[in-house]
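One-letter residues, chain by chain:
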Amino acid sequence: MRVERILTVRRGFGALLVAACCSMVVAAPPSKVALTNVRIVPVSGPPIAQGTVLIEGGKIVAVGEDVKVPYDAREFDLSGKVVMPGMVVAHTWRGMDIPNESRPVVPQLDAADAIDPSQLYFEECLRLGHTVVHVMPANNTVVGGLGQVVRPIGLSVAEMTIDDGGFMKLSMAPRRGSDRMLQMATLREAFAELQDYVARLAETKYEEKLAKEEREIDVLPVEARKRGRKELKADHIDDEHRNLIRLKGGQVTVEGESGPTLFSPLGAFVYCGSAMDVPRAIAFAKAHGFFDRLVLVLGGDSHKAIKALKKAARPVVLPENLVYRDVDPFTNKIEETFVPKVIADAGLQFALLPGPSASLPERMLTYQAARCMRYGISRTDALRAITQMPAEIIGVGERLGSIEVGKDAHLVVFSGDPLEFTSVVERVFIDGIPAYDRSEDIRLKRLLTTKSDESADDEQ
Amino acid sequence: MIMDFGSRLRLVAALLVGLGTSFAVSAESPSLAFRVAKVVTMDAADSVINDAVVLVAEGRIVTVGKRAEVTIPDDARVIDMPDQWLVPGMVEGHNHTAGGLGDLNDMVYLTNPGLDTRATIDPNNRLIESARWGGVTAVMLIPGSGTNMSGFGTVSKTAGDTPDEVILRTPGSLKIAQAGNPEWYFGGVGRRFMNWNTRQTLLKAMDYNDRWTSYEAGTSTTKPEYDPIFDGFRGLFKKEFPATVHTQIYQVLLTTVEMLGRQLDLWVVLDHCTFDAWKVGPLVVAQDLWVLNGPREYHFDRTMNRMIGNCSGWWKNGVRKLGVNTDAPVVPERELSYQATMACWYGWQPYPALAGVTRVPSQALGLYEQRGSIEAGKIADFAIWTGDPIDPRSACLMTVVDGRIAYDAADEDVRRF
């Protein structure tokens, strides 16, 4: 069970609240589940033509051709079906009420405060086999706040949560109505203000110390700020600045009434709206100490900065539109680039996002992966780009993204090969819980049933 | 020479003190005996007394019992209504009519902890007056939901001439609006910012309370500075009054239950609770919070393709601390009984619905020790109805507030229906 992060910690009180929050009711998965006679695509290794995946307590405990099914396991005979790991959406604002707040710099905010478990988006995730969703503020921001990694089942955000997101959203591309100069100025200001804030806080703490000892101020402000540093405790710092400190690599421990709460360093998802944003994002991350935890979210023609991307060798989240289209202004000749190929050829770790189309199949991650294969990316890499790689990028790679013993049982059962366009998701298991069954998907049935089907049923 | 009103009042008071307290009180409220067909007491045992007499003196209920068993004192004025029902005065938990229709919202900040409806109480404005026509005897007067925290509410009686006479408790509650209106604040805000900001304001107030509490307990020697913005919150954290929360829609309800109920452990009354909010029922039960549903009593569920009664949904999900509200002036407070009627039309049950406009809101707002049931010793707040108030054919004939007849339909000058 996760330790729920309390989104705000006031002085000396945070840990108490955290302790109070561990009692959330979570649906217990059936203790033992066996998927038998199924073709297994583990992604982390070669496929198994016909085998068994055994789940116990929500974890995968055995995978292989000769796995003995315990007598008390609930068995799903999946002859002729194919099972793959639950797919991972690396970056989306869906699931929240709005993509971005109106204020440009909001590092104190958290996606968990806006995630709506009742949104149809999450039902859709089940239907498509997307079992891990990294809900993140969208790109129309400067410092946008924290994300949250959730599964698409659960009554409350606490039940849905897989991991408290370890990433802050930033954007190098200008917000609507702004330009790159203002964008950068605002970003620089946010970090410069942090220095100022800490300095002033230190000065205040030094003054408070003197006041307690009934002494007069004896030094100039510059010196008071230095001396006050010693008086400064992590829990004097507010949410906004604490998160920026974490982003810069700081590990913050806040003492509470029931013990310390540790806030680990944050990574950053930095949106680049064009090639020119990429080197600036990299430079900014280096300057502020989060380059090692940097993920670049690519948009527009960012792939053109491939040299800088390759040199940085940081993971990237690809645009929803996989094909970038350039028009030569003189000849009107259209030149198309298949973006994932450029990135894959550079040897970068990358995550595919579901397509932007309103049509059902195009929103599937498997569709994106299939297109990658068509454009020359290996089947293994294409499958990894919708499972293992995004899981690693968002920091849950040890628990999710492949079918391996010890991993969380997020499994998607397809009617055939997952990248075959006639295949559909038949079942989804999340932490061993049978979370989706296509034969009971009422909304899908309504969508796919015609009047003539109904009358044919009546005649029978 | 004209004596101003204040000094005249002081003179009268001085005279009354001189004459002795008992005389003063009995002169103001003579004892009354109500002979009725049925008393729905709304006591803990849910007793109903048929063919009953209720004796009232000095503002309180003295005796409740079968007609044959109660001796009516000679000097009591007998109100003989042998075919009618006597039920506790209704309590309206969510009401914006403190000063009529003005003074609803101050859009200063997204949270406005320093404001209070006490400043707007106008006891005999037309809207409050009309509450008496529908058997409503107490109301929670709260500011609007334009911002996440619009100020403190006031619990008030529906009869009386000055603010001091009608105010039952101040602050009556803290008004919080989680979402579904405040997002229109200036440039627009989302739930991430609203929730963070509301929580932040409450934590600051909690800090203020903690500093004072430890100073008063002697664990800290530094006397905190008095802060008029946060001082009102002390009662909230001491659970002397609840947070009245404008909340609706599944996710928003979740936030209320999680943040205000579980994390901050406040006394929470969930108001509105509309749309698909009833689906949060199990979590509301787990946190033991109050639900006052309304003004909308139904929700069209697109998944099920049918109409859902909100109260029916809450009830089926196990919520028993359930009542309704009018959100007056959205629905006039005199129609509180119709809110319960409508909840029944959409699948709730009449007796719980009657409790949902009397006992439950009275308990939810912390008034039940003194009011909200017909029991000896309680303050005499009740109404006489031609039948079950939940039956829309029934009419309110008389409303008694503090043992005084505040509305009498027999009086042609005040009769409205």
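Rules of the game
Residue numbers restart at each chain and count upward from 1, following the sequence in its written direction. Here every chain gets a letter starting at A, and every ligand a number starting at 1, in the order they are written. Only residues with pLDDT of 70 or above have their local features reported here, since the model is predicted, and side-chain atom pairs are shown and tallied only from 80 upward, although totals for entire chains, interfaces and linings are computed over all residues. Side-chain metrics in this entry use all non-hydrogen atoms of the structure; hydrogen atoms and water are not considered. We count a stretch as a helix when DSSP gives it H or I for four or more residues in a row; a strand needs E for two or more, and each element gets its number in order from the N terminus. Restricting the calculation to C-alpha atoms gives the radius of gyration, and the globule rule supplies 2.2 Å times the number of residues raised to the power 0.38. Think of it in three bands: residues with accessible area under 20% of the maximum for their type are buried, residues over 50% are exposed, and the middle band is partly exposed, with areas taken using a 1.4 Å probe on protein chains only. Here Asp and Glu are counted as negative and Lys and Arg as positive; His is not counted, and neither are the chain ends. The atom standing in for a charge is NZ when the residue is Lys, CZ when it is Arg, CG when it is Asp and CD when it is Glu. In this scheme, strands are said to pair when DSSP sees at least two bridges between them. Here, two residues are considered to be in contact whenever any of their heavy atoms come within 4.5 Å of each other. Axis definition: a line fitted to C-alpha atoms, limited for helices to the stretch in contact. Angles are taken between N-to-C directions and run from 0 to 180 degrees. One speaks of a salt bridge when a side-chain nitrogen belonging to Lys or Arg is within 4 Å of a carboxyl oxygen belonging to Asp or Glu. Confidence of the predictor at the level of single residues is captured by pLDDT, which takes values from 0 to 100. Buried residues of nine kinds, namely Ala, Val, Leu, Ile, Met, Phe, Trp, Tyr and Cys, make up a nonpolar core once their side-chain atoms join them within 4.5 Å. Like-charged residues within 9 Å of one another, or nonpolar side chains (Val, Leu, Ile, Met, Phe, Trp, Tyr) within 5 Å, are grouped into patches, provided each residue has over 30% relative accessible area and no salt bridge. Only the protein chains shown count as cover for residues, and the accessible areas themselves come from Shrake-Rupley with a 1.4 Å probe. Ring pairs shown here join Phe, Tyr and Trp side chains whose ring centres sit within 6.5 Å, with only the six-membered ring taken for Trp; geometry is labelled stacked below 30 degrees between planes, edge-to-face above 60, and tilted in between. What fixes the domain bounds is an automatic or database domain assignment. Nitrogen and oxygen atoms within 3.5 Å of one another constitute a polar contact, given that in protein one can donate a hydrogen and the other can accept it, and given that sequence-neighbouring residues count only through two side-chain atoms. Following the grouping adopted for this structure description, the nonpolar residues are Ala, Val, Leu, Ile, Met, Phe, Trp, Tyr, Cys and Pro, the charged ones are Asp, Glu, Lys and Arg, and the polar ones are all others, Gly among them. Take the accessible area each of two parts loses on contact, using a 1.4 Å probe, and add the two losses: that sum is the buried area.

### Focus on the overall build of chain B
At step 1: Along chain B, the regular secondary structure elements total 12 helices and 17 strands.
At step 2: A globule of 417 residues ought to have a C-alpha radius of gyration of about 22 Å, and chain B, at 22 Å, matches this closely.
At step 3: C-alpha atoms of chain B, sized along the principal axes, occupy 65 × 65 × 40 Å.
At step 4: Burial status across chain B gives 59% buried among its 417 residues.
At step 5: Taken together, the 39 basic and 48 acidic charged side chains of chain B have centroids lying 5 Å from each other.

### Quick word on the sheet that holds strand β12 (residues 267–272) of chain A
Residues and elements named next belong to chain A.
At step 1: Pairing within the open sheet is mixed, and its 8 strands lie in the order β6-β7-β8-β9-β12-β13-β14-β17. What marks the edges here is a single partner per strand, and that holds for β6 (87–92) and β17 (350–351).
At step 2: In the packing of helix α2 (residues 120–128) onto the sheet, contacts are made with β6, β7 (130–135) and β8 (143–150), and the angle to β7 comes to roughly 140°.

### Observations concerning the pattern of salt bridges
At step 1: The final tally for this structure, using the stated rule, is 46 salt bridges over all chains.
At step 2: One salt bridge in this structure joins Asp437(A) and Arg427(A), with 3.6 Å as the shortest N-O distance. Remark: Arg427(A) occurs in strand β19 (residues 425–430) and Asp437(A) occurs in strand β20 (residues 433–437); sequence separation between them is 10 residues.
At step 3: Asp402(B) serves as the salt-bridge partner of Lys157(B), at 2.4 Å between the closest nitrogen and oxygen. In this pair, Lys157(B) is assigned in strand β7 (residues 149–157) and Asp402(B) in the loop between β16 (396–401) and β17 (404–408), connecting sequence segments 245 residues apart.
At step 4: Since its relative accessible area comes to 21%, Asp402(B) is described here as partly exposed.

### Remarks on the confidence of the model for chain A
At step 1: Scored by pLDDT, chain A has a mean of 90; 92% of the residues are at 70 or more.
At step 2: Confidence drops under a pLDDT of 50 for residues 1–25 of chain A, and excluding neighbours within four residues, the segment shows 80 contacts in the predicted structure.

### Quick word on the nonpolar core
At step 1: In this structure, Ile115(A), Leu170(A), Leu187(A), Phe290(A), Leu296(A), Ile343(A) and Leu352(A) are the most contacted members of the largest nonpolar core, which totals 90 residues.
At step 2: A per-element tally of this core places helix α4 (residues 180–212) of chain A first, with 9 residues.
At step 3: Those residues in contact with Ile343(A), other than ones at most four positions away along the chain, are Leu298(A), Ile306(A), Leu309(A), Val316(A), Leu318(A), Leu348(A) and Phe350(A).
At step 4: Listed in part, the 74 residues of the second largest apolar core include Leu141(B), Leu174(B), Leu270(B) and Trp348(B).

### Some remarks on a nonpolar patch on the surface
Residues and elements named next belong to chain B.
At step 1: Residues Tyr-298, Phe-300 and Met-307 make up a contiguous nonpolar surface patch of about 270 Å² in total accessible area.
At step 2: Tracing the sequence through the fold places Phe-300 in strand β12 (residues 298–301).
At step 3: The class of Phe-300 is partly exposed, set by a relative accessible area of 39%.

### Section: the packing of aromatic side chains
All names here are of chain B.
At step 1: Within this structure, the stated rule accounts for 16 aromatic pairs over all chains.
At step 2: Seen in terms of ring centroids, Phe-193 and Trp-196 are 5.8 Å apart; in terms of plane orientation they differ by 45°. Their pairing is tilted. Here the residue Phe-193 and the residue Trp-196 both occupy positions in helix α5 (residues 191–216), the gap between them amounting to 3 residues, near one helical turn.
At step 3: For Phe-193, a relative accessible area of 7% gives the class buried.
At step 4: Exposure remark for Trp-196: the relative accessible area of 10% places this residue in the buried category.
At step 5: Each ring, one from Trp-212 and one from Tyr-215, has its centre 6.0 Å from the other, and the planes form 85°; the classification is edge-to-face. Of this pair, Trp-212 and Tyr-215 both sit in helix α5, 3 residues apart, roughly one helical turn.
At step 6: Look at Trp-212 and you get buried, because its relative accessible area is 11%.
At step 7: A connected cluster of aromatic rings, assembled from ring pairs, spans Phe-152, Phe-230, Phe-233 and Phe-241.

### What about the domain arrangement of chain A?
At step 1: Here chain A is partitioned into domain 1 (31–86 + 402–460), domain 2 (89–171 + 266–400) and domain 3 (180–263).
At step 2: The gap between the C-alpha centroids of domain 1 of chain A and domain 3 of chain A is 52 Å.

### Things to note about the interface of chain A and chain B
At step 1: With 41 residues of chain A at the contact, the number on the chain B side is 25 residues.
At step 2: Counting every contact that joins chain A to chain B gives 2 salt bridges.
At step 3: Where chain A touches chain B, the interface holds 11 residue pairs in polar contact (both at pLDDT 80 or more).
At step 4: Contributions of two or more residues to the side of chain A that touches chain B are made by α1 (14–20), β8 and α13 (442–448) of chain A.
At step 5: Residues of the side of chain A that touches chain B, tallied by class, amount to 20 nonpolar, 9 polar and 12 charged.

### A look at the domain arrangement of chain B
Residues and elements named next belong to chain B.
At step 1: Taken domain by domain, chain B holds domain 1 (20–89 + 372–417) and domain 2 (90–368).
At step 2: Placing a centre on the C-alpha atoms of domain 1 and another on those of domain 2 gives a separation of 29 Å.
At step 3: Listed by partner, the interface residues are 29 residues for domain 1 and 28 residues for domain 2.
At step 4: Carbon and sulfur atoms supply 62% of the area that domain 1 and domain 2 bury against each other, a total of about 2,300 Å² over both sides.
At step 5: There are 2 salt bridges connecting domain 1 and domain 2.
At step 6: Note that Arg-359 is salt-bridged to Asp-46, the shortest N-O span being 2.7 Å.
At step 7: Elements with a contribution of two residues or more to the side of domain 1 that touches domain 2: β4 (77–88), β15 (382–385), β16 and β17.
At step 8: Looking at which element gives the most residues to the side of domain 1 that touches domain 2, the answer is β16, with 4 residues.
At step 9: Taken together, the residues of the side of domain 1 that touches domain 2 sort by class into 17 nonpolar, 4 polar and 8 charged.

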